[in-house]
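# Coordinates in review
If you want the building blocks of each chain, they are given just below.
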Amino acid sequence: MCIRDRSLTFPTVFLQGLERIDVIELCLLLVFAVFLNGIFFIEAVIIFAIILGGWITFLTQKDNKLIHETATIAVMGIYVLFQKYTQFYREIVSFNQLLTKSVRKIEEERLVSHLLPLHVVEKYFNNPSGSKLDFTDEFQDVTLLYADIKGFTDYSAGHTPEEVLRMLSNLFVEFDKQCYNHGLYKLYTIGDCYVCMGFNDARQRNPGREAMNTVQFGFKLIEIIKKVRKIIKFEGLDMRIGIHTGKLIGGIIGTDIVRYDVYGPDVVIANKMESNGKEGEVQVSATTKELLEKYCPWMYRFEKFSEVETKFFEHKVPGYLIKKAIED
């Protein structure tokens, strides 16, 4: 475009400026590209307005060489800015993707850590090769707890399924919180039966402390049941708890839907301690009693209550109702 050596009105200059559509079009394309990227759109429009205004202003100058040089610098400047922006935007996208992956990985690990014992979780996540792993464990002096809600059938008969489910859900949510707070691992629930073992990480074991934590957890369950009984106004609701310490085999069951489960004669004894127990009380086996008397002899007192008979042992296993030596 050639600007004649005469005074020009603004509309005339503007129309002549539009003849240099290459500059304006480039600015518009840059703004549109920024708009597609989704951020800094307003800033891009402002830059475009400044450049367009400057371009029109320069058109009023009589020095054609100055006009072309200034236009070239302006276009190159906006191009460099756009390149810098594009690089910055890509870095932001890359960072957000990495952050999202990191957050998802943490969430996945948290979810798995609630489904499986921590030593199993570590073994799983430390297997980048994806090779087949052996998730079978053999433990000595493991304390197991079985808790059964009594009066559940009678309560169910007089309430809707929704009310029964809500009551159970509220109970088990509180149970799970206390299970986690006491460092135990919840194995499963079957109907109104709650089962857990005395540790959640085989790498940090202390059988005496595990037994004590399991007993304290049992006392908490009794407290929770008493509170819920008052809330729902059903005096028949209660809980029977049995605890036993012994040897067991643990491992993951299933492939797609996995569960960590335990097996062995001592698992049956723990169950029997519950079924032969007393409502509103915690019954422990002689083995658990001996372990507690060694680890914390000042904390509990014991009252002989039953003798549990199983096909795995020739002799009967004594059961004791356990009480706090000093009541709260």
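In this report, the structure presented in the accompanying data block is examined. Keep in mind that what you see is a predicted model, and the values were worked out from it rather than measured.

## Comments concerning a nonpolar patch on the surface
A surface patch of nonpolar side chains, about 250 Å² in accessible area, is lined by Ile 249, Ile 253 and Tyr 263. Relative to the helices and strands, Ile 253 is located in strand E4 (residues 238-253).

## Focus: the environment of Gly 218
Among the secondary structure elements, Gly 218 is positioned in helix H8 (residues 207-232). Accessibility expressed as a relative area gives 0% for Gly 218, which makes it buried.

## Thoughts on the pairing of strand E2 (residues 185-190)
Bridge analysis of E2 against strand E3 (residues 193-197) gives five bridges, and the strand direction is antiparallel. Bridging across to E3, Thr 189 finds its partner in Tyr 194. Here E2 folds back onto E3 in antiparallel fashion, the turn holding two residues, of which Gly 191 has a positive phi close to 65°.

## Re the packing of helix H7 (residues 161-181) against H8
Each packed pair of helices is defined by two parameters, the angle between the axes and the distance between the axes. Direction vectors running N to C along H7 and H8 enclose 150°, while the axes themselves pass 10 Å from each other. Taken as axis vectors, H7 and H8 run roughly antiparallel relative to one another. The handedness of the crossing between H7 and H8 is right-handed. Residues Met 167, Leu 171, Glu 174, Phe 175, Gln 178 and Cys 179 of H7 form the contact with H8, whose participating residues are Phe 217, Lys 220, Leu 221, Ile 224, Ile 225, Val 228 and Ile 232.

## Regarding the packing of H8 against helix H10 (residues 286-295)
Here H8 crosses H10 at 110°, and the two axes come no closer than 9 Å. By the angle class used here, H8 and H10 are roughly perpendicular. On H10, the residues that touch Pro 207, Gly 208, Arg 209, Ala 211, Met 212 and Val 215 of H8 are Thr 288, Leu 291, Leu 292 and Tyr 295. Counted by class, the contact of H8 with H10 contains seven nonpolar, two polar and one charged residues.

## Focus: the state of the cysteines
This structure, assessed with the given rule, holds zero disulfides. Cysteine Cys 179 is unpaired, with the sulfur of Cys 196 as its nearest cysteine sulfur at 4.8 Å.

## So, the side chain of Asp 192
The residue Asp 192 is located in the loop between E2 and E3 in this model. Although Asp 192 is buried, it forms no salt bridge, and the closest oppositely charged side chain is Lys 150 at an N-O distance of 6.4 Å. Those residues within four positions of Asp 192 in sequence are excluded, and the remaining contacts are Ala 147, Asp 148, Ile 149, Phe 152, Leu 168 and Phe 172.

What counts, and where the lines are drawn
Residues numbered from 1 in each chain as written. Predicted model: local features only at pLDDT ≥ 70, side-chain atom pairs only at ≥ 80, totals over all residues. Heavy atoms only, no water. Patch = residues over 30% accessible without salt bridge, like charges linked within 9 Å, V, L, I, M, F, W, Y side chains within 5 Å. Areas by Shrake-Rupley, 256 points an atom, 1.4 Å probe, with all protein chains shown as cover. Salt bridge = Lys/Arg side-chain N within 4 Å of Asp/Glu carboxyl O. Helix = DSSP H or I, 4+ residues; strand = E, 2+ residues; numbered from the N terminus. Buried < 20%, exposed > 50% of the residue type's maximum accessible area, 1.4 Å probe, protein only. Pairing = 2+ DSSP bridges. Axes fitted to C-alpha atoms, helices over the stretch in contact; angles between N-to-C directions. Parallel < 35°, antiparallel > 145°, perpendicular 65-115°, else oblique. Left-handed = near helix turned anticlockwise from the far one by under 90°. Contact = heavy atoms within 4.5 Å. Nonpolar A, V, L, I, M, F, W, Y, C, P; charged D, E, K, R; others polar. Disulfide = S-S within 2.5 Å. Lys, Arg positive; Asp, Glu negative; His and termini not counted.

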